[in-house]
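An overview of the molecular structure
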Amino acid sequence: MDTKFIGKKSAAAGGWSALKSCGKQLLQSGMPISGARTMLKANQPDGFDCPGCAWGDPEHGSSFEFCENGVKAVAWEATEKRATPAFFAEKTVSQLRQLTDYELELNGRLTHPMRYDAASDRYLPVAWEDAFAEIGSILTGLDNPNRAEFYTSGRASNEAAFLYQLFVRVYGTNNFPDCSNMCHEASGIAMRQAVGVGKGTVLLEDFEEADAIFVIGQNPGTNHPRMLGDLRRAAIRGARVVVFNPIRERGLERFSDPQDKVEMLRGGSTDIASLYLQPQLGGDMAAVRGMAKAVLAAEDAAVAAGLPSVLDHAFLAEHCAGFAEYRAAVEATSWTEIEDQSGLSRQEIERAADVYLNAERVICTWAMGVTQHLHSVATIREIANFMFLRGNIGRPGAGLCPVRGHSNVQGDRTVGINEKPSDDFLDALEKHFRFTVPREHGHNVLAAIGAMLDGSAEAFIGLGGNFARATPDSALVEKALRRLKLTVHIATKPNHSHLMPGETAFILPCLGRTEIDLNAAGNSQLISVEDSMSMVHGSAGINRPASPHLLSEVAIIAGIAQATVGSAVVDWAELAADHERIRDHIEATIPGFENYNARLRKPRGFHLRNTAAHREWDTPAGKASFSSEALPDETVHQRARKGEGRFALQTFRSHDQYNTTVYGLDDRYRGVYGERQVIFIHPADLEAMNAKAGDRIDVVGEHDDGIERIAENIRFVPYDIPRGSIAGYYPELNVLVPLGSAGRESDTPTSKSIMVSFRRRKIA
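A short tour of the structure in this document, coming up. (Residues numbered from 1 in each chain as written. Predicted model: local features only at pLDDT ≥ 70, side-chain atom pairs only at ≥ 80, totals over all residues. Heavy atoms only, no water.)

1. A short note on the overall build of the chain
To keep things clear, this is the line we draw: Helix and strand definitions here come from DSSP, where helices need a minimum of 4 consecutive H or I residues and strands a minimum of 2 consecutive E residues; each element is numbered from the N-terminal end. Only the C-alpha atoms count toward the radius of gyration. The rule for a globule is 2.2 Å times the residue count to the power 0.38. Each residue's exposure class comes from its accessible area (1.4 Å probe, protein chains only) as a fraction of the maximum for that residue type: buried when under 20%, exposed when over 50%, partly exposed otherwise. For this analysis, residues touch if any pair of their heavy atoms sits within 4.5 Å. Two residue types count as positive, namely Lys and Arg, and two as negative, namely Asp and Glu; His and chain ends fall outside the count. Taken as the charge centre is NZ of Lys, CZ of Arg, CG of Asp or CD of Glu, depending on the residue.
Secondary structure summary: the chain contains 31 helices and 31 strands in total. For 764 residues, the compact-globule formula gives about 27 Å, and the C-alpha radius of gyration of the chain, at 25 Å, lands near that figure. C-alpha atoms of the chain, sized along the principal axes, occupy 80 × 65 × 55 Å. Per-residue burial for the chain yields a buried fraction of 64% across its 764 residues. Nonlocal contacts in the chain, meaning residues at least 24 apart in sequence, comprise 79% of its contacts between residues at least 6 apart. Between the mean site of the 81 positive side-chain charges and the mean site of the 97 negative ones, the chain shows a separation of 5 Å.

Okay, here's the thing in C-alpha cells:
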C-alpha cells in the first residue's frame, strides 16, 4: 500500500521549517528578492495590510508582524506569472475545468478583462467600457433587482465594500450573499443577543494581561499564525492556555517563533496548551455547559464552607439578565448527558473549569470549529454565559474574541455588506444620499444559491473570492451558476468559479493589496480594513501593478454602477477618483468613523468603540443576557454512532492553504505531503474496518434528501482524533456538505457536522 504521502509531523509550529517554507514560496513566485522586500512592508504603519488573516495588530505598534501564511499570501499575489489572453486562448473552459485549484491559480495574475465566448468555449479579451456597458444593460433588463445576487469576499476593502453596497441599494436590492454567511455568522448573531454587539470585545493588548485563554474550535497555526506569537508570550509569562479541539494541532501544542532569535538559534520551542481536550464533533456546547456546572458547584461549596464566593455577584446583579433561569438549566443538565455529548469525561471538564476558577482575567476565543454546526448560535451563547459567571466581559485582560478569517470580513460588514441591514443604517443612507433605499431583506449565500437553482435569480456578481469552491454542495452550485444570464467575477487570479460561466460571463481583473493604487491626481492612495479587534488601519500597496490594464476594485464597481444606474443619485466617477471621498461618505453615515481620513493616517489606525467592552449593553433587556437553552437533543457524532459504519466529518484547511486558495500540497504540521485527497481517522476505527493507512475509498454523504453526494478516491491517514469523528480538506470535500443542512438562526452551512460512510475502491 502506498503511504509515501504520510510523513513526519513538524516537532513544533513555526521555527526553521516556517522560514524554509517562506523561502520556497518566494522562489515559486519568481520574485524572491522583490518578494522579500515586499514582506518588510506587510502590516507596517507605512505599508500594506497582509491579504491573509484578520488577526489584529498591536495598537502600540511595537512589534514587527508577519508570518509564514502572510509570506504565502504576498508571494501568491506578487508572483511574476501572468494569466494573459494567451493563457485563455490555449485551452477551452471545459479543459481548464479539469485542472485542480492549485494548478489553475499557479498560472498567475490576470492581466486583461475577459468575456466568455460560448461558440469557442473560451474567454476572449474585451474593452473595459464594453464590459461595463453590457453588464449594465443586462442588469437593467432584469424585471426585478432582486433577480441579481451580489457576493462579497472578505478581501474587499472598506472603500470597495461601501461603494458596492451603495451601488446595489441604489439599484434596488439587499441581496448580499457574503463570505461571512459561511463562517462567523453565528458569532455575530449570538453576540448581539448576548452583549448587544456582534464583534469581539477585546483588544490585542488584552492578551498581555489575561491569566487564562480558552481556545475553542480553532487552529491558529494554520488559520492565523500571528496569534501563536501572542499565545506564546502569554504562556511564557505564566498564563494558562486551555484548548478544546477534536484534532491534535501542532500549533496549539508547541510553537517556535521565527522572530525570536534566541529560540531559533537554540532550536527550541514553547509549550502553548496547558490543557488540551479533544471533544467529539459538535460537543463544545456540552463541554462549556459542563465547565459552568463545575463553577456553580464550586460556588455552592464555597458558600457552604463560609468561603469567598467564586462568582462575580456584583457583575451578575448590575449587568446581567436571566441568571436564575440559566442556573436552573445548568442544574437540570446531568453529567451523564454532558459526558456523552461532549465526548469528554467529567474529570477532564472539571480540570478546565479549575483553570477558569483560578484566573482573575479570562479571554475566550473561537472560530469555525464552533460556528459551522447546527447549534452554533446556542454554543456561542453558552460561551458568553460561562464568561458572565465571573465578570469576564468589559475589563482589561478579559473578554470574548471570535477570530475572523479573511483580512476584512469584519470590515465589510461594518460598512454595510449585510442582507439584513439595520433600519438605522438604511435611514442614514437615505438621508445622506437622498434616494429611497430597499427595505426588504435580501439573500444570504444559501438563499442566493436556492434562487439561482429555482430560476428566480438570473445574475451574479462576485467581488473577489471563489464562490463555487467556497460554498457547499459543489455540483449543485456549479449547476446554479451556469444557468444564469450573467456571471461577473472581480478577481486577481483565475479560479474555478470563472469556469462555470453564465450565458454572458466576464472576468474583471483588479489590483491586489500589495500594488500601488493611484488616484485621479496620480498620487498613491490608501484603502482601509478592520481586523478582529475592531482596529481600522490603512493599507498602501508598494508594487507596480501586474498589468497596466488592471483597475482597482473601486474603479470596477464605479464603472458597473455608472453603466447600470447612472449618476443621478451618486457621482460614481467622482468617488472612483479618490478613496478619501468614499471615506467622507462612510464617516457621514456610519457611527465611529468620525474624522476618518485623518485618523486613518495615524500609525496603526484607530479603534471602533465597542459598547460591550465598556459594559454598555444594547440588548432588549439593556443588560448582558444569559441564554437558558437546553443542550441539543443530539449532535452529529451521536447520530453517527447509531448507524453501522457512519462517521461525523468536518472539513478544514491544510497548512499550505488559505480559504479556497491552495499554495502547495504539503501539510507538514499534520505530516501529509503532496496529497490533498485524504481523510484523517483514528487508528482504532481503521482497524475496526479492517483498513490500513493509504487505503483508497469513496466518501458517501448520508444526508436524507435523496441526492447522491460522493467524494471519490480519498485515502486514509491515521491521526489523533476522537473515534467516530473524521476530518478532511475543503474545497475537495465540499461536495459532501448539503445545502439543506444549515445552522439554526445563522443559516451557515454545517461543514463541521457532516454524516458520511465509506465505500471501498478497487486497487488499480
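2. Considering unusual backbone geometry
Following Tyr730, the chain continues into Pro731 via a peptide bond in cis, with omega recorded as 10°. Tracing the backbone through its elements, the reader meets Pro731 in the loop between β30 (725-729) and β31 (754-760). The residue Asp121 is not glycine, and still its phi comes out positive at about 55°. Relative to the elements of secondary structure, Asp121 occurs in the loop between β4 (114-117) and β5 (122-125). Classification of Asp121 as buried rests on a relative accessible area of 15%.

3. Things to note about the pattern of salt bridges
The condition is simple: A pairing counts as a salt bridge when a side-chain nitrogen of Lys or Arg comes within 4 Å of a carboxyl oxygen of Asp or Glu.
Tallied over the full model, the rule gives 40 salt bridges. Close ionic contact of Glu530 with Lys199 constitutes a salt bridge, the shortest N to O distance being 2.8 Å. Here Glu530 is found in strand β18 (residues 527-530), whereas its partner Lys199 is found in the loop between α9 (185-195) and β7 (212-216), with 331 residues between them in sequence. We classify Glu530 as buried; its relative accessible area is 1%. Using a relative accessible area of 18% as the deciding quantity, one classes Lys199 as buried. The shortest N-O distance in the salt bridge between Asp705 and Arg709 comes to 2.8 Å. You can call Asp705 partly exposed: its relative accessible area is 33%. Through salt bridges that share partners, Asp143, Arg147, Glu458 and Lys485 make up one connected network.

4. Concerning the sheet that holds β18
Quick note on the threshold: Only when DSSP finds a minimum of two bridges between them are two strands counted as paired. Axis definition: a line fit to C-alpha positions, over the contact stretch in the case of helices; interaxial angles, taken between N-to-C directions, run 0 to 180 degrees.
With respect to topology, three strands assemble into an open sheet ordered β18-β19-β20, the strand pairing being antiparallel. A single partner strand is all that each edge strand has here, and the edge strands are β18 and β20 (606-607). In the packing of helix α8 (residues 158-171) onto the sheet, the strands contacted are β18 and β19 (535-539), and the crossing angle to β18 comes to about 90°.

5. Notes on the sheet that holds strand β13 (residues 362-366)
Ordered by their spatial adjacency, five strands build an open sheet running β11-β8-β7-β13-β14, and the pairing between neighbours is parallel. If you trace the sheet from one side to the other, it starts and ends with β11 (275-277) and β14 (399-402), each paired once. Sheet twist, expressed as the mean angle between neighbouring strand axes with direction ignored, is 15°. As judged from the four bridges shared by β13 and β14, these two strands associate in the parallel manner. Following the sheet pairing, Cys364 is matched in β14 by Leu400.

6. Some points on the packing of aromatic side chains
As a reminder of what qualifies: Centre distance within 6.5 Å is the pairing criterion for rings of Phe, Tyr and Trp, where only the six-membered ring of Trp is used; planes under 30 degrees apart are then read as stacked, over 60 as edge-to-face, and the remainder as tilted.
Applying the stated criterion across every chain yields a total of 30 aromatic pairs. For the pair Phe323 and Phe626, a centre-to-centre distance of 5.5 Å together with 50° between the ring planes defines the contact as tilted. In this pair, Phe323 is assigned in helix α16 (residues 323-331) and Phe626 in the loop between β21 (624-625) and α30 (636-640), connecting sequence segments 303 residues apart. You'll find Phe323 and Phe626 in the same group, each marked buried. A centroid spacing of 5.8 Å and a plane angle of 85° characterise the contact between Tyr596 and Phe606, whose relative ring orientation is edge-to-face. With a gap of 10 residues between them, Tyr596 in helix α29 (residues 596-600) and Phe606 in strand β20 connect regions that are remote in the sequence. Given the relative accessible area of 0%, Tyr596 is considered buried. You can call Phe606 buried: its relative accessible area is 6%.

7. Some thoughts on the packing of helix α17 (residues 335-342) against helix α18 (residues 346-357)
The description of two helices packed together rests on the angle between their axes and the distance between the axes. Note the threshold: Comment on the angle field: the value is read as roughly parallel under 35 degrees, roughly antiparallel over 145, roughly perpendicular from 65 to 115, and oblique elsewhere. Put simply, Ala, Val, Leu, Ile, Met, Phe, Trp, Tyr, Cys and Pro go in the nonpolar bin, Asp, Glu, Lys and Arg in the charged bin, and everything else, Gly too, in the polar bin.
Contact geometry for α17 and α18: axes closest at 10 Å, N-to-C directions at 90°. Between α17 and α18, the angle is such that the two are roughly perpendicular. Contact residues: Trp335, Ile338, Glu339 and Ser342 in α17; Arg346, Ile349 and Glu350 in α18. Taken together, the residues of the contact of α17 with α18 sort by class into three nonpolar, one polar and three charged.

8. Focus on the environment of Leu476
Mapped onto the fold, Leu476 is located in helix α25 (residues 474-482). Classification of Leu476 by relative accessible area gives partly exposed; the value is 22%. Sequence-wise, Leu476 and Arg581 are 105 residues apart; in three dimensions their C-alpha atoms are separated by 41 Å. Ignoring sequence-local partners within four residues, the contact set of Leu476 consists of Leu453, Ile707 and Leu739.

9. Side note on the environment of Ala742
Here Ala742 lies in the loop between β30 and β31. Along the chain, Ala742 and Leu446 lie 296 residues apart, while their C-alpha atoms are 8.6 Å from each other. In contact with Ala742, other than residues within four places in its own chain, are Leu374, Leu446, Asp747, Thr748 and Thr750.

10. Topic: the state of the cysteines
Which entries qualify depends on this criterion: When two cysteine sulfur atoms lie within 2.5 Å, the pair is treated as a disulfide.
For the structure on display, the rule yields zero disulfides. Considering cysteine sulfurs only, Cys364 is the nearest to Cys320, which forms no disulfide, with 16 Å between them. Sulfur of Cys510: no disulfide; nearest cysteine sulfur belongs to Cys179 and is 15 Å away. Of the residues examined, Cys510 reaches a relative accessible area of 1% and is grouped as buried.

11. A look at the nonpolar core
Generally speaking, a soluble globular protein has its nonpolar side chains buried in company with each other. Using the following cut-off: The set of buried Ala, Val, Leu, Ile, Met, Phe, Trp, Tyr and Cys residues whose side-chain atoms join them within 4.5 Å is what this entry labels a nonpolar core.
In this structure, Phe214, Phe244, Phe388 and Leu389 are the most contacted members of the largest nonpolar core, which totals 62 residues. Here the element with the most residues in this core is helix α14 (residues 284-304); it accounts for 10 residues. For Leu389, the contacting residues outside a window of four places in its chain are Ala292, Val295, Leu296, Leu311, Asp312, Leu316, Phe323, Tyr326, Tyr356 and Phe626.

12. Quick look at helix α7 (residues 128-141)
Here is the rule we go by: Take the residue count of a helix, subtract one, and multiply by 1.5 Å to get its expected span. Relevant arc is that of directions from the helix axis to the C-beta atoms, nothing else.
Here α7 is 14 residues long and its end C-alpha atoms lie 20 Å apart, about the 20 Å a rise of 1.5 Å per residue gives. Taken as a whole, α7 has its buried residues at Trp128, Ala131, Phe132, Ile135, Gly136, Ile138 and Leu139. Buried residues along α7 cover an arc of 165° about the axis, so they all sit on one side. Among the exposed residues of α7, those pointing more than 90 degrees away from its buried face are Glu129 and Gly141. Looking at the packing, one finds that the buried side of α7 touches β6 (148-152), α8, β15 (459-463), β16 (486-491), β17 (504-509) and α26 (553-565).

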